[in-house]
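Structural description and commentary
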Amino acid sequence: MAEEDDSSRWHEHGEGDAGEKKKQGGFKTMPFILANDFCDRFATIGFNANLITYLTQQLHLPLVEASNTLTNFHGLSNLTPLVGGLVADSFAGRFWTITFGSVIYQLGMVSLTVSALLPSLRPPPCAAGEQAACSRATAWSLLVLHLSLLCTSIGTGGTRPCVMAFGADQFELDTTPRHGEAGAGAKRGWSFFNLYFFGVELAKLAAITLVVYIQENVGWGWGLGVPTVAMLAAVAAFVSGYPMYVKVAPGGSPFTRLAQVAVAAFRKRNVAVPCDPGHLYQDRKLDAGISTAGRLLHTNQLTFFDRAAIVTPGDFDSSGVPRPWRLSTVHRVEDFKSIIRMLPIWAATILLVTSASHNHSFAIQQARTMDRRVAAGLEIPPATMLIFSNAAMLGTLALYDRVLVPRLRRLTGRAEGVTHLQRTGAGLAISTVSNAVSAVVERARKRAAARHGLLDRPGATVPMSVLWMAPQYAIHGAADAFMDVGRMEFLYDQAPESMRSSAAALYWLTTSAGSYMGTLLVTTVHERTKGEGEWLQDNLNRGRLDRYYWLVVTLQVINLVYFVICAKLYTYKKLEVVDQESTGERREKHVELQPLKDSDEKDVELRPLLSSDL
């Protein structure tokens, strides 16, 4: 049965026989995929990094309204991937979902670029020295803005959940575990994620230097036009590699299968769960399409849902086929359990996004008030301060992979050095330090403004170098190097095999929830502190932004304690692997995906299993 499934799968990829398997996928597809993602991220970051300036300086929106507009936009942009991942996994496939999403995103970028070029869609410039006389953008201008942002949000729903999964699909042929090849497979599988995030940060670095400089010094028409052209190049690069891609056929709606487990368990809520899990329903043929890396084994957690796999009268139709809304296999029940177990960990990562959201709003406005000269005639654009975050993340990724991992490997005995949860927890802790530094720097900036009599002159330059803000950005970048890769690895490792795109959508859903939480936090603080002691106001010199940062630090400390508790209680999924020895004999290996001791011989088998899951 397994051999038949494998052959049919290669047929879906367009391969005629085993000798031709390596004609698709592999490293030769990476230039097309990574070029697409590089241009996509270059366009996205160049498009978004300085939008706070566009909204406040060009459309003349108040700071809090502009900040909330951006966080709501980012929230929607990271919510739509949940729909995109479901579409890709259910019926469209990853290639066509990425292509369609890229086109929609392109339309949104073109629309906003045109609105920046047409004077009729922007309010007139403010009179010199009369900020109060600035006329706000018209309702028509704001409608065009929101429609443009809506298109880009829909477009990201097609690209973000699928690009990483699609890239990992290309290595599936080369990372299938074979006897005696444990090390190579694992190294290649995990290197893809490091390579992906490294390329993303390079694109961000290029965007926040080149594009932001054009926006600040040349004009917004060119500043938005350059990312738009880059996005067009991304679509062209991706589509041109079509003949070489591995295109895994979608396996049907994963959320439907999850719903079937929940409904079946509820229907049998009064049925006693057997003490022996061997009495629960198993069906290799039924699960073949969603368990190519191996079936999930029964776990003793969340046993209420085991009822979905108890055979009762009426569970089969007249032809002997199980009714899916009445009976599920153990594998499908464990798929459901794995998602539930992941949710507390997933929720703990939301606050990291909230804690970093001000880097694209308040922190940029802080930088605008400071001395941004780094040389004679050269000023750093406020949004370009993000360069310190990107550079720190690039450096930390390289340091982690080349220096830390070899040393940690000798200490822990794990091929990747530490577990995904340990890496994620380190990112949460480092991010907390970053916001503490932000609070200290903002306090120093306000004192400098007070010493020089600038408290009521928000447009004046505070005689304090903007480079004082570099450490907080750099520490955020180091936190992201731990956090972003760690949580993505965790989602891919622990998510059901048939939900890879949807697992990536959970990654972006974290960003969405964090953005909306940022909006809620800003709005609540703004409303609760109105009056003489208002924390968040257009005049940062009279505001209490440092107190806002300390509030975020307090929430992060509480969240870190919650994460540690969840990580301690988390149970890794169990997988049954079918391995084919050189003799041709097939045997089952029961591998539990959890941190193993140095002496545990199963650790040798874990590494190819994890990379094949990718």
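Everything numeric in this text was worked out from a predicted model, so none of it was measured.

A closer look at the overall build of the chain
- When helices and strands are counted, the chain shows 21 helices and seven strands.
- Here the chain holds 614 residues, and the buried ones make up 56% of them.
- When contacts within the chain are restricted to residue pairs at least 6 apart in sequence, those whose partners lie at least 24 apart make up 80%.
- With the model as given, the accessible surface of the chain reaches about 25,800 Å², and the carbon-plus-sulfur share is 63%.

Observations concerning a positive patch on the surface
- Where like charges cluster on the molecular surface, the positive patch consists of Arg443, Arg447, Arg451 and Arg547.
- Sorting elements by how many residues they give to the positive patch places helix H17 (residues 420-451) first, with three residues.
- Considering the arrangement of structural elements, one finds arginine 443 in helix H17.

Structural notes on the packing of helix H6 (residues 94-117) against helix H10 (residues 220-240)
- For the pair H6 and H10, interaxial distance at closest approach is 9 Å and the crossing angle is 165 degrees. Overall, the two elements H6 and H10 adopt an arrangement that is roughly antiparallel. Seen from above, H6 lies across H10 with left-handed handedness. The residues of H10 that touch H6, namely those facing Phe95, Ile98, Thr99, Ser102, Tyr105, Gln106, Met109, Val110, Leu112, Thr113, Ala116 and Leu117, are Trp220, Gly221, Leu224, Gly225, Pro227, Thr228, Met231, Leu232, Val235, Phe238 and Val239.
- When its residues are assigned to classes, the contact of H6 with H10 shows 16 nonpolar, seven polar and no charged.

Some points on the nonpolar core
- Counting 61 residues, the largest nonpolar core has Leu55, Phe362, Met469, Leu536 and Tyr548 as its most contacted members.
- Setting aside chain neighbours within four positions, we find methionine 469 in contact with Ala363, Gln366, Ala367, Met370, Met385 and Val441.
- Phe238, Phe305, Ala348 and Leu421 belong to the second-largest nonpolar core, a separate cluster that totals 56 residues.

Some points on the UniProt feature "transmembrane region" (unreviewed entry) in the chain
- Mapped onto this numbering, the UniProt entry annotates "transmembrane region" (unreviewed entry) at residues 195-214, 220-239, 342-360, 380-400, 505-526 and 548-570.
- Here residues 220-239 runs as 100% helix and 0% strand, with 29 Å between its end C-alpha atoms.
- Taken end to end, residues 342-360 is 74% helix and 0% strand, and its first and last C-alpha atoms sit 29 Å apart.

What about the pattern of salt bridges?
- Taken as a whole and judged by the stated rule, the model has 10 salt bridges.
- We note a salt bridge from arginine 326 to aspartate 315, for which the minimum N-O separation is 3.1 Å. Taken together, the positions of arginine 326 in the loop between strand S1 (295-296) and helix H13 (330-348) and aspartate 315 in the loop between S1 and H13 put the pair 11 residues apart, joining distant regions of the chain.
- Given the relative accessible area of 0%, aspartate 315 is considered buried.
- Between arginine 542 and aspartate 456 there is a salt bridge, with the nearest N and O atoms lying 3.0 Å from each other.

Some words on a nonpolar patch on the surface
- Together, Trp140, Leu143, Leu147, Leu150 and Ile154 make up an exposed nonpolar region whose accessible area comes to about 490 Å².
- Within the element layout of this structure, tryptophan 140 appears in helix H7 (residues 139-169).
- Take tryptophan 140: its relative accessible area is 54%, and that puts it in the exposed class.

Some points on the environment of proline 313
- Following the sequence through the fold, proline 313 ends up in the loop between S1 and H13.
- Note: C-alpha distance between proline 313 and arginine 326 (13 residues apart in sequence) is 10.0 Å.

A short note on the packing of aromatic side chains
- Considering all chains together, one arrives at 14 aromatic pairs under this definition.
- Summarising the aromatic geometry, the rings of tryptophan 96 and tyrosine 242 are spaced 6.1 Å apart at their centres and angled 50 degrees between planes, so their arrangement reads as tilted. On the criterion of sequence distance, the pair formed by tryptophan 96 in helix H6 and tyrosine 242 in the loop between H10 and helix H11 (254-267) is long-range, its members being 146 residues apart.
- Sitting over the ring of phenylalanine 266, arginine 269 keeps its end group 4.1 Å from the ring centre.
- Against the face of tyrosine 400 rests arginine 423, its NZ or CZ located 3.9 Å from the ring centre.

Side note on empty space enclosed by the protein
- Counted by the stated rule, this structure contains seven cavities of 30 Å³ or more.
- Of the voids in this model, the largest cavity is the one considered here, and its volume is about 840 Å³.
- What lines the largest cavity is a set of 36 residues, and nearest its centre among them are Ile45, Lys204, His360, Asp480 and Thr511.
- Elements supplying a minimum of two residues to the lining of the largest cavity: helix H2 (30-48), helix H4 (63-77), helix H9 (182-217), helix H14 (350-356), helix H16 (386-412), helix H18 (470-494) and helix H19 (500-528).
- When its residues are assigned to classes, the lining of the largest cavity shows 13 nonpolar, 16 polar and seven charged.

Examining the side chain of threonine 519
- Assignment of secondary structure puts threonine 519 in helix H19.
- Other than its neighbours up to four places away in sequence, threonine 519 contacts Asn68, Thr71 and Asn72.

Observations regarding helix H5 (residues 80-92)
- Between the first and last C-alpha of H5 there are merely 16 Å, a value that for 13 residues lags more than 12% behind the 18 Å anticipated at 1.5 Å per step.
- Residues of H5 that are buried: Thr80, Pro81, Gly84, Gly85, Ala88, Asp89 and Ser90.
- Positive backbone phi, approximately 80 degrees, marks glycine 93, located one or two places after H5.

Concerning H13
- For H13, which comprises 19 residues, the first-to-last C-alpha distance of 28 Å matches the rise-based estimate of 27 Å (1.5 Å per residue) to within 8%.
- Its axis deflected by about 30 degrees at methionine 342, H13 carries its strongest bend there, up to four residues before the proline proline 344.
- Among the 19 residues in H13, 15 count as buried, and that is most of the element.

Some words on the pairing of strand S5 (residues 462-465)
- Side chains of S5 alternate between two faces, with Val462 and Met464 buried and Pro463 and Ser465 left unburied.
- Here two bridges tie strand S2 (residues 370-371) to S5, and the two strands are oriented parallel to one another. Following the sheet pairing, methionine 370 is matched in S5 by valine 462.

Brief notes about unusual backbone geometry
- Even without being a glycine, histidine 60 presents a positive backbone phi close to 60 degrees.
- If you trace the backbone, histidine 60 turns up in the loop between helix H3 (51-58) and H4.
- Of the residues examined, histidine 60 reaches a relative accessible area of 13% and is grouped as buried.
- The phi angle at leucine 302 is positive, at roughly 50 degrees, despite the residue not being glycine.

Section: the packing of H16 against H18
- Orientation of H16 relative to H18, taken along the N-to-C sense of each, is 45 degrees, at an axis distance of 7 Å. Put simply, H16 runs oblique to H18. The handedness of the crossing between H16 and H18 comes out as right-handed. Here Leu386, Phe388, Ser389, Ala392, Met393, Thr396, Leu397, Tyr400 and Leu404 of H16 come into contact with H18, specifically with Ala470, Tyr473, Ala474, His476, Gly477, Ala478, Asp480, Ala481, Phe482, Asp484 and Val485.

The rules behind each value
Residues numbered from 1 in each chain as written. Predicted model: local features only at pLDDT ≥ 70, side-chain atom pairs only at ≥ 80, totals over all residues. Heavy atoms only, no water. Helix = DSSP H or I, 4+ residues; strand = E, 2+ residues; numbered from the N terminus. Buried < 20%, exposed > 50% of the residue type's maximum accessible area, 1.4 Å probe, protein only. Contact = heavy atoms within 4.5 Å. Areas by Shrake-Rupley, 256 points an atom, 1.4 Å probe, with all protein chains shown as cover. Patch = residues over 30% accessible without salt bridge, like charges linked within 9 Å, V, L, I, M, F, W, Y side chains within 5 Å. Salt bridge = Lys/Arg side-chain N within 4 Å of Asp/Glu carboxyl O. Lys, Arg positive; Asp, Glu negative; His and termini not counted. Charge placed at Lys NZ, Arg CZ, Asp CG, Glu CD. Axes fitted to C-alpha atoms, helices over the stretch in contact; angles between N-to-C directions. Parallel < 35°, antiparallel > 145°, perpendicular 65-115°, else oblique. Left-handed = near helix turned anticlockwise from the far one by under 90°. Nonpolar A, V, L, I, M, F, W, Y, C, P; charged D, E, K, R; others polar. Core = buried A, V, L, I, M, F, W, Y, C linked by side-chain atoms within 4.5 Å. UniProt positions renumbered as here; feature names shortened; annotations may be inferred. Phe/Tyr/Trp six-rings, centres within 6.5 Å; stacked < 30°, edge-to-face > 60°. Lys NZ or Arg CZ within 6 Å of the ring centre and 35° of its normal. 1 Å grid on protein atoms, 1.4 Å probe; cavity = no way out; pocket = protein on both sides within 12 Å on 5 of 7 lines; lining within 4 Å. Points joined across faces, edges and corners; volume = space filled by probe spheres on them. Expected span 1.5 Å × (residues − 1). Bend = angle between axes of the 7 residues up to and from the residue. Pairing = 2+ DSSP bridges.

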